[in-house]
Amino acid sequence: MFIIIAVILTAGCLGQETGDKTKTVTVEKTETFTKTITITKTVIVENKSAEAELRENLTRCTEELSLLNATLNQTRENLIELAEKYRECITKGQEGTKENFSQPELLIDGEYYMRLINDLKSAKKSIYVTMFLMKYDPADSYDHANDLIRALVEARRRGVSVHVVLENSIDDNRAAYNYLRSNGVDVVFDSPSTTLHTKMVIIDGRIVYIGSHNWSEAALDWNHEVSVRIESREMADVLLNYFNEIRRGF
């Protein structure tokens, strides 16, 4: 009887020990779970810090890029301004070269009329003409000589100073003389003691025409003629002095 009771008591004690071990394991699991949550929170904080740093870097890069674009735009404007000044310098240099080393432009037959009529219509300051034959024929509707003579009158009406000297011994010059004079052009015949055989035009003190072309339908449309066109202020000055000498000869 005693032996049975002891076994039961012993079994009860063993059962108690088993319950204690189960509780201890449960506590260990709870502590492990708590630590895991703490680690997760730490990672989230670190990610937020990295995102803020990235945003700051992006803002800084954007500001630097904006500043760089502004600098590039200013540099581009400076380059454009320099390019304009360079082109102006080159143009002036070319004009100076042309002035000192102008090559005559050869005008054969009808080329003379085509170049001269445009220059007469574009004249802004002055036109000087000496001509052996200037034949004005208003009844002819297709006469290039008429076009040139009328261009002198048109220039005079624009305010251009126009001066003409004609050979006095040519009767055909009388109609041109009367037409020009009646329209306010300064026109005279040369001295009877000399023959004016010069065919010369000076426009705006820089464009010169000299050669064999008279202002007649025959010379401008039918004959073989040759003249030259020269852009040179130096040449124009020399021929203007020559014009004035002819003008003072009577």
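In what follows, the structure referred to is the one given above.
All figures in this text were calculated on a predicted structure; none of them were measured in a lab. Going along each chain's sequence as written, the residues are numbered from 1 onward. The predicted origin of the model limits local features to residues at a pLDDT of at least 70 and limits the giving and counting of side-chain atom pairs to 80 or more, whereas totals for whole chains, interfaces and linings rest on all residues. With hydrogens and water set aside, each side-chain value is computed from the structure's full complement of heavy atoms.

K.L.:
Now, about the packing of helix H2 (residues 111-122) against helix H3 (residues 144-157): what can you tell me, with residues and values included?
P.N.:
Only the stretch in contact is used when a helix axis is fitted, and all axes are lines through C-alpha atoms; the angle between N-to-C directions ranges over 0 to 180 degrees. Per the convention used, a helix needs a DSSP run of H or I reaching at least four residues, while a strand needs a run of E reaching at least two, with both numbered from the N terminus. As a packed pair, H2 and H3 sit with axes 9 Å apart at the nearest point and diverge in direction by 15°. Judged by the inter-axis angle, H2 sits roughly parallel to H3. In this structure, H2 meets H3 at a crossing whose hand is left-handed. Across the interface between the two elements, Tyr-113, Leu-116, Ile-117 and Leu-120 of H2 pack against His-144, Asp-147, Leu-148, Ala-151, Leu-152 and Ala-155 of H3. Any angle that falls under 35 degrees is termed roughly parallel, while one over 145 is termed roughly antiparallel, one within 65 to 115 roughly perpendicular, and all others oblique. In this scheme the handedness of a crossing depends on how the near helix is turned from the far one: anticlockwise by less than a right angle means left-handed, clockwise means right-handed. Every residue pair with non-hydrogen atoms within 4.5 Å of one another is taken to be in contact.

K.L.:
Talk me through the pairing of strand S7 (residues 226-231); I want residue IDs and the actual numbers.
P.N.:
Two strands pair when backbone bridges link them, and strand S1 (residues 105-108) and S7 are joined in this way by four bridges, in the antiparallel orientation. Bridge pairing links Ile-108 to Val-226 in S7. Paired strands, as defined in this entry, are two strands with at least two bridges between them according to DSSP. In the sheet, strand S6 (residues 207-211) pairs with S7 via five bridges, with the strands oriented antiparallel. Residue pairing for S7: Tyr-209 is matched across the bridge by Arg-229.

K.L.:
Report on unusual backbone geometry, specifying residues and quantitative values.
P.N.:
Although it is not a glycine, Asp-109 sits at a positive phi angle of roughly 55°. Structurally, Asp-109 can be placed in the loop between S1 and H2. Accessibility here uses a 1.4 Å probe with only protein chains present; expressed as a share of the type maximum, an area under 20% marks a residue as buried, one over 50% as exposed, and anything in between as partly exposed. Under the relative-accessibility criterion, Asp-109 is labelled partly exposed at 23%. Positive phi, normally seen in glycine, also occurs at Asp-204, with a value near 55°. Mapped onto the fold, Asp-204 is located in the loop between strand S5 (200-203) and S6.

K.L.:
Before we move on, could you go through the sheet that holds strand S2 (residues 126-131) and cite the residues and values that matter?
P.N.:
Taken together, the seven strands give an open sheet; going across it, the order is S1-S7-S6-S5-S2-S3-S4, and neighbouring strands pair in mixed fashion. Edge strands, defined here as strands with exactly one partner in the open sheet, are S1 and strand S4 (186-189). The average angle at which neighbouring strand axes cross in this sheet is 10°, direction not considered. The pairing of S5 with S6 spans four bridges and is antiparallel. Bridge pairing links Met-200 to Ile-210 in S6. Relative to the sheet, H3 contacts S2 and strand S3 (161-166), its axis offset from that of S3 by approximately 145°.

K.L.:
Provide a residue-level description of a nonpolar patch on the surface, including the pertinent values.
P.N.:
Patch membership is restricted to residues that have no salt bridge and whose relative accessible area is over 30%. Joining uses 9 Å for like charges and 5 Å for the nonpolar side chains Val, Leu, Ile, Met, Phe, Trp and Tyr. Computed with the Shrake-Rupley method and a 1.4 Å probe, the accessible areas treat only the protein chains shown as cover for residues. Basic side-chain nitrogens of Lys or Arg form a salt bridge, by our definition, when they fall within 4 Å of a carboxyl oxygen of Asp or Glu. A cluster of nonpolar side chains, contributed by Leu-106, Ile-108 and Val-226, occupies part of the molecular surface with about 250 Å² of accessible area. Within the secondary structure, Leu-106 is located in strand S1.

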